Amino acid sequence: MITNQTMTIIRKIVIAVLLLGAVACGNADKVPSNILSKEKMRDILLDMNMADAYSYDISPMRGVPLPDSMRQLKVKEYYRQILDLHHISVKDFMFSYRYYESHADRLKEVYDMMQAAIAEDRKIQEGEERRQQYAENPGSFFPYPKNTVISKKQDTILPFLKRKH
């Protein structure tokens, strides 16, 4: 038979477990304070990916690839410069990177943030390119550009009409 004292102990244990569970769930998305934030990690990894891509295009004679050993030296130099720009030591970066590697869900969030940032940059760049194309040739954005006349007097588009003489 269960006594009142046993019931009290069981209640305390259940309350303690529930409180611990609530505290643990509340910190599930938080990154420890000694780890780089997701945003900082995103920025550094974006720069490192750009440096890696750039390292393939640094040949003194365009069209001739650099040997891998030279390319790797350049990439290490770029990575060092990137960490200096972000005011992060190699040790701190590697400590944080290992943390994210061991927490795949958080690393995926960082990579998703990287992908979103790249998509946003691309959207901005494509918008600039389209504005420049429009400035050079406004008629090219219409389905039948050869049948369109842009009025110099007005800011409207007038369809080309064949006139009878």
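Residues numbered from 1 in each chain as written. Predicted model: local features only at pLDDT ≥ 70, side-chain atom pairs only at ≥ 80, totals over all residues. Heavy atoms only, no water.

## Thoughts on the packing of helix α2 (residues 38–55) against helix α5 (residues 104–136)
Selection rule: To get an axis, a line is fitted to the C-alpha atoms, and for a helix only the part in contact is used. The angle between two axes follows their N-to-C directions and goes from 0 to 180 degrees. Each helix is a run of DSSP H or I of at least 4 residues and each strand a run of E of at least 2, with the numbering of both proceeding from the N terminus. When describing relative orientation, an angle under 35 degrees is termed roughly parallel and one over 145 degrees roughly antiparallel, while 65 to 115 degrees is termed roughly perpendicular and anything else oblique. Two helices crossing with the near one rotated counterclockwise from the far one by less than a right angle form a left-handed crossing, whereas a clockwise rotation gives a right-handed crossing. Working rule for contacts: check all heavy atoms of both residues, and any pair within 4.5 Å makes them a contact. Residue polarity follows a fixed list, in which Ala, Val, Leu, Ile, Met, Phe, Trp, Tyr, Cys and Pro are nonpolar, Asp, Glu, Lys and Arg are charged, and the others, Gly among them, are polar.
Taken N-terminus to C-terminus, the directions of α2 and α5 make an angle of 60 degrees; their axes are 9 Å apart at the nearest point. Classified by the angle their axes make, α2 and α5 are oblique. Relative to α5, α2 is oriented so that their crossing is right-handed. Contact residues: α2 offers Lys38, Glu39, Met41, Arg42, Leu45, Leu46 and Asn49, while α5 offers Glu109, Val110, Tyr111, Met113, Met114, Ala117 and Ile118. Taken together, the residues of the contact of α2 with α5 break down into nine nonpolar, one polar and four charged.

## What to know about the environment of Met48
Operational definition: Type-normalised accessible area, obtained with a 1.4 Å probe on protein chains alone, sets the label of each residue: buried when under 20%, exposed when over 50%, and partly exposed for intermediate values.
Mapped onto the elements, Met48 comes out in helix α2. Met48 gets classed as buried once you look at its relative accessible area, which sits at 8%. When the C-alpha atoms of Met48 and Leu83 are compared, they prove to be 9.1 Å apart, with 35 residues separating the residues in sequence.

## Focus on the confidence of the model for the protein chain
Convention followed: The predictor's confidence in any single residue is recorded as pLDDT, a number from 0 to 100.
Here the protein chain shows a mean pLDDT of 78. Residues at 70 or above account for 68%. Confidence, expressed as mean pLDDT per element, reaches its minimum in the protein chain at strand β2 (residues 157–159) with 53 and its maximum at helix α4 (residues 90–102) with 93.

## Some thoughts on α2
Stated precisely, the cut-off is as follows: Between the first and last residue of a helix there are one fewer steps than residues, each counted as 1.5 Å, and that sum is the expected span.
Along its 18 residues, α2 runs 25 Å from first to last C-alpha, staying within 8% of the 26 Å computed at 1.5 Å per residue. Those residues of α2 lying buried are Lys38, Met41, Arg42, Ile44, Leu45, Leu46, Met48, Ala51 and Ser55. The elements touched by buried residues of α2 are α3 (68–85), α4 and α5.

## So, the side chain of His86
Here is the rule we go by: Within 3.5 Å is the distance limit for a polar contact, defined as a pair of N or O atoms, with the added protein rule that one can donate a hydrogen and the other accept it, and that residues adjacent in sequence qualify only through two side-chain atoms.
Tracing the sequence through the fold places His86 in the loop between α3 and α4. Separated by 2.7 Å, the side chains of His86 and Asp47 make a polar contact. With near-sequence residues (within four places) excluded, His86 lies in contact with Lys40, Asp43, Ile44 and Asp47.

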